[in-house]
Amino acid sequence: MPESSFEDINNIYVSSTMPPSRQYSQSTIPLLPFRHYIGNTEFCTENNTSECMLYISQELLALGFPSIFFDLNGLRELDVISALNSMYGLLQMHRRAVGMLAELEVEQLRVSSDLHCQQLTNSKLKDQLELSKKENLRLCERERQLEANTKALHHCLKNEKEEVQKLQNVIASRASQYNHNLKRKEREFGKLKERLNQLLTDKKDKKQGMDVLNYVGRSDGKRSQWKTGKTDSRHESDMYKALLNEFDKHQRELMIENAELKKVLQQIKQEMVGILSPKRQSGETQKEEKPKEFTDQQIASDEEEENSFKGTSEMSCEHAREQLSNSIRQQWRKLKDHMANLDNKGILKHESPPASLVHLGQGINEEMISKEVHQEEMERLKLEIQQCKDFIHTQQQLLQQQLSTPWDEETAAVLTDCYMLEEKERLKEEWKTFEEQKKNFEMERRTFTEAAIRLGHERKMFEEDRATWLKHQFLNMTFTDQMNLKTQNTLSEYAVQEQKHISSPKTPL
Amino acid sequence: MNFSEVFKQSNQLCKVSPDGKYLATCVQYRLVVRDVNTLQILQLYTCLDQVASMEWSSDSLFILCAMYKRGLVQVWSLEQPDWHCKIDEGSIGLVSSRWSPDGRHILNTTEFHLRVTVWSLCNKSVSYIKYPKACQKGMDFSADGRYMALAERRDCKDYISVFVCDDWHLLRHFETDTQDLAGVEWSPNGCVLAAWDSCLEYKMLLYSLDGRLLSTYSAYEWSLGIKSVAWSPSSQFLAIGSYDEKVRILNHITWKKLTEFEHHPTITNSKAVASHRCLVSDEIPPLPVQVPVVKPDPDRANPKIGISAIAFSVDNRYLATKNDCMPQSVWVWDMQRLGPTAVLEQTAPVRFFAWDPRRPRLALCTGNTKLYLWSPAGCVSVKVPVEGKRQHLAYS
């Protein structure tokens, strides 16, 4: 019975408190299945009522409700009033919870719809942003193009301005020229008008005429002729003759020139044939069979041509001329190919094994060296030249240094000194010896002068002695003649001795 | 070089006779004829008025003296001093007077270029040629003296008349395709006639002797055109000097431009320079050489720019040109190499230059007392003992 009442009450409450917005919340968080608990009778049965009651009271206590039991001397009896109150409290709670839930659901819906809106607007704004960015790029691009255009237009404008300036200058110069001419013509016109006036008013008209003593003959001596139709035609014919003569002369000159040029061409052709044929005929590699035939043919045709040419050398017909120029072109092309071949052969010789050399060896001129060897040689020579140049350069530099005056004066002095040092030393030594010799000379001179003075004194004394002795002798001459002889001898000996004595000091000198 | 003593002459009228035997000078109204070797006075004639122009006849027998103010021409004979001839143009006036190539006719151009009167000394005939054109070079005789080309203008159109000098018979008369014909010149072989337009249009027309148009040449449009023209003595080349400072050479086979010579103010070609800056020594200045340029006044008519004088040497080998922008320099070009061979720079503007009629030697004068000679071998300057300035040269 209580269950059915429970059910009824629950039904009522559930149906009355069913929020109208439930229909919207299908996709959101599943709500508590309030309905499902209705009619769920498995919790309490007839057997476990006391446990159920206990459980329920515990739960209620936990939730804060007073206990639904009141204790009657150890038996827990169900307090219906408090149980009903608790139930009522629970129902209130439930209602509140449901209300809050509904609010929360509404809130949630609102929020979700806001979010949805925001997302939509966000995506819209993103799209708009993309669009505007693209627009911006486009506009930037357009701006760049327009700038380029303006630059080009500026350039054109500048050119046009320059041209306009030039044309204006031209116009200005032409205008000044025209003005000048116009002024000249007007001046002349003015003069003409004046003259005309003068002539009209002037009565005496000065007659025009020639007054000559006698007529002279023509310069070529002939008589002048009447003007008739014959003279006219003669003049015409003379004129045409002059023109024709000129044309003939011109044509002759051109013919001579033409003949000379043809001769030159023939010579060139023959020389080319000469150059090409011996090379070709010496054995060559696989390619050369055809050209060999070709050259033989060509030579044959050339000979034919020459023969035919000798016959037609006087006539300058188109055909012969074309043939000649064509054959020369062909020969020239062959010569070019041949030169190219030679170049290649030069490379081949270096690279390929002697197998080809056997073929080539006979054909190729001994003087021809391969390209590589030639290049190496060139390189070596160049290097040598460079080295020599460097050497010369350094030598020149050194020479320059030697000859030029150095910047530092001290070093200059030192340098000059060390060159002069040797000389100085030598000079010093020489000076020394010279000084010594001088001293010696001085000494010897002094001794010599002293000796001379002494000698002078001695001579004086000797002369005095001699004088006294002679006086003495003279005074003693009366005594003995014999004594005279002796004394004369001794005197002469003494004189000789004196002489010797006088002359002796001279000898050391 | 020897110089004779100085003779007085007025108006630069001093000419040697074509046969080289006599020298005629005009002093005021007197005509003095001397022997070239001894310089003795052989004849003395007196004219009626101051002589404006004097010319020898081609056979050296007669001398023509023209007095433009009076409209008179007097002719004197060397063989017969008593012979006299006086041509009076009357009220019609006289602007120029010249001999015909046979030496027996005198062509007088009347004032305002009304007509050309041909007076004959052989008979009483007088010929009149109407409407001659007043231009740079309206009348030219062929080298052999047989034909005369005359530029005419009628009804605002240009014509050329070719006359036979024998009897002044009109051979050909044709219209030219020019705006304003400025000049005509025969080629030395007498078969081609060059006619050119005024400087406002660059146009060179080449006519055959019988009046056919052979070719037309125009280098450029709108800017000022042809200033000077010269044929080479062999008739192979026609040199055209224009206001753009270039000389263009046409060849006689195709009448197309062979080459053009540009007068560049900076010279870098080492073979080309000879300088007369120093009076005594000829310095070779270091390359590149700057040729002094004078900028012309752009507002004036006939501006001093462009090639005003061209002359070929006798052997056909050299061409001398003068650019008015560089008035102190004369350029010599080698026709075999088709390039410049020398640039002769003087200290003063060059007044005149002329080639020796026998060898490739160029003489030029600058208005001072020196005469400068150039030949491929070298340069020489000769001092001429005269007072006053030298303006004109003539080789005999």
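Residues numbered from 1 in each chain as written. Chains lettered and ligands numbered in written order. Predicted model: local features only at pLDDT ≥ 70, side-chain atom pairs only at ≥ 80, totals over all residues. Heavy atoms only, no water.

### A few points about the nonpolar core
Counting 35 residues, the largest nonpolar core has Y147, I160, M204, L206, L238 and I240 of chain B as the members making the most contacts within it. Top contributing element to this core by residue count: strand β18 (residues 192-197) of chain B, with five residues. Contact partners of Y147 of chain B, with chain neighbours within four places excluded, come to D238 and M239 of chain A together with D140, F141, S142, V162, F163, V164, C165, L171, W186 and L209 of chain B. Listed in part, the 24 residues of the second largest apolar core include A230, I249, I267 and V289 of chain B. (Core = buried A, V, L, I, M, F, W, Y, C linked by side-chain atoms within 4.5 Å. Buried < 20%, exposed > 50% of the residue type's maximum accessible area, 1.4 Å probe, protein only. Helix = DSSP H or I, 4+ residues; strand = E, 2+ residues; numbered from the N terminus. Contact = heavy atoms within 4.5 Å.)

### With respect to the pairing of strand β17 (residues 181-186) of chain B
Residues and elements named next belong to chain B. For β17, the tally of buried residues reaches six of six residues, placing the bulk of the element in the interior. Across five bridges, β17 lies against β18 in antiparallel orientation. Bridging from a neighbouring strand, W186 pairs with L193 of β18. Two successive antiparallel strands, β17 and β18, enclose a turn made up of five residues, where G190 displays a positive phi of approximately 75°. (Pairing = 2+ DSSP bridges.)

### Some points on the interface of chain A and chain B
Contacts between the two partners involve 41 residues from chain A and, on the opposite side, 54 residues from chain B. Between R195 of chain A and E111 of chain B there is a salt bridge, and its shortest N-O distance comes to 2.7 Å. The interface formed by chain A and chain B holds 15 residue pairs in polar contact (both at pLDDT 80 or more) in total. Going through the elements one at a time, α4 (80-201), β3 (209-212) and α5 (229-281) of chain A are the ones with two or more residues in the side of chain A that touches chain B. Residues belonging to the side of chain A that touches chain B are distributed by class as follows: 14 nonpolar, 13 polar and 14 charged. Across four bridges, the pairing between β3 of chain A and strand β8 (residues 84-88) of chain B is antiparallel. Its bridge partner being in β8 of chain B, G209 of chain A is matched across the sheet by D88 of chain B. (Salt bridge = Lys/Arg side-chain N within 4 Å of Asp/Glu carboxyl O. Polar contact = N/O pair within 3.5 Å; in protein donor to acceptor, adjacent residues only side chain to side chain. Nonpolar A, V, L, I, M, F, W, Y, C, P; charged D, E, K, R; others polar.)

### Structural notes on the environment of D35 of chain B
Residue and element names in this part refer to chain B. If you trace the backbone, D35 turns up in strand β3 (residues 30-35). For the pair D35 and Y22, spaced 13 residues apart in sequence, the C-alpha to C-alpha distance is 4.7 Å. The contacts of D35, once residues within four sequence positions are left out, are K21, Q40 and L42. There is a polar contact of 3.2 Å between the side chain of D35 and the backbone nitrogen of N37.

### Comments concerning the sheet that holds strand β32 (residues 352-355) of chain B
All names here are of chain B. Reading across from one edge, β32-β33-β34-β35 is the order of the four strands in this open sheet, with antiparallel pairing throughout. Edge positions in the open sheet fall to β32 and β35 (378-383), since each of these has one partner strand only. If you compare each strand with its neighbour and ignore which way they point, the axes differ by 20° on average. Bridging between strand β33 (residues 362-365) and strand β34 (residues 370-375) involves four bridges; their strand directions are antiparallel. Note on β34: the bridge partner recorded for L362 is W374. (Axes fitted to C-alpha atoms, helices over the stretch in contact; angles between N-to-C directions.)

### As for the packing of aromatic side chains
All names here are of chain B. Enumeration according to the criterion identifies 15 aromatic pairs over all chains in this entry. Where Y22 meets W56, the ring centres are 6.2 Å apart and the plane angle is 15°; that geometry is what we call stacked. With a gap of 34 residues between them, Y22 in strand β2 (residues 22-27) and W56 in strand β5 (residues 53-56) connect regions that are remote in the sequence. A relative accessible area of 22% places Y22 in the partly exposed class. Note on W56: relative accessible area 6%, which makes it buried. (Phe/Tyr/Trp six-rings, centres within 6.5 Å; stacked < 30°, edge-to-face > 60°.)

### Notes on the confidence of the model for chain A
Residues and elements named next belong to chain A. Per-residue pLDDT for chain A has a mean of 77; in total, 69% of the residues score no lower than 70. Least confident of the elements in chain A is helix α8 (residues 354-363), whose mean pLDDT is 45; most confident is α4, at 92. Low pLDDT (under 50) marks residues 32-36, which in the prediction has six contacts with non-local residues, meaning those over four places away or in another chain. Across residues 505-509, where pLDDT falls below 50, the model places two contacts with residues more than four positions away in sequence or in other chains. (pLDDT = per-residue confidence, 0-100.)

### Comments concerning a negative patch on the surface
There is a patch of like negative charges on the surface, built from E422, E425, E429 and E430 of chain A. Among the structural elements, E430 of chain A can be located in helix α10 (residues 409-476). (Patch = residues over 30% accessible without salt bridge, like charges linked within 9 Å, V, L, I, M, F, W, Y side chains within 5 Å. Areas by Shrake-Rupley, 256 points an atom, 1.4 Å probe, with all protein chains shown as cover. Lys, Arg positive; Asp, Glu negative; His and termini not counted. Charge placed at Lys NZ, Arg CZ, Asp CG, Glu CD.)

### A short note on the pattern of salt bridges
Residues and elements named next belong to chain B. As enumerated under the stated definition, the model contains 29 salt bridges over all chains in all. The salt bridge involving R212 is made with D210; its shortest N-O contact spans 3.1 Å. The partly exposed category is assigned to R212, whose relative accessible area is 40%. Owing to a relative accessible area of 12%, D210 belongs among the buried residues under this scheme.

### Looking at the confidence of the model for chain B
Residues and elements named next belong to chain B. Mean pLDDT for chain B: 85, with 89% of residues reaching 70 or above. Note on residues 274-282: pLDDT is under 50 here. Beyond four places in sequence and across chains, it has 22 contacts. As scored by the predictor, the complex reaches a pTM of 0.61 and an ipTM of 0.76.

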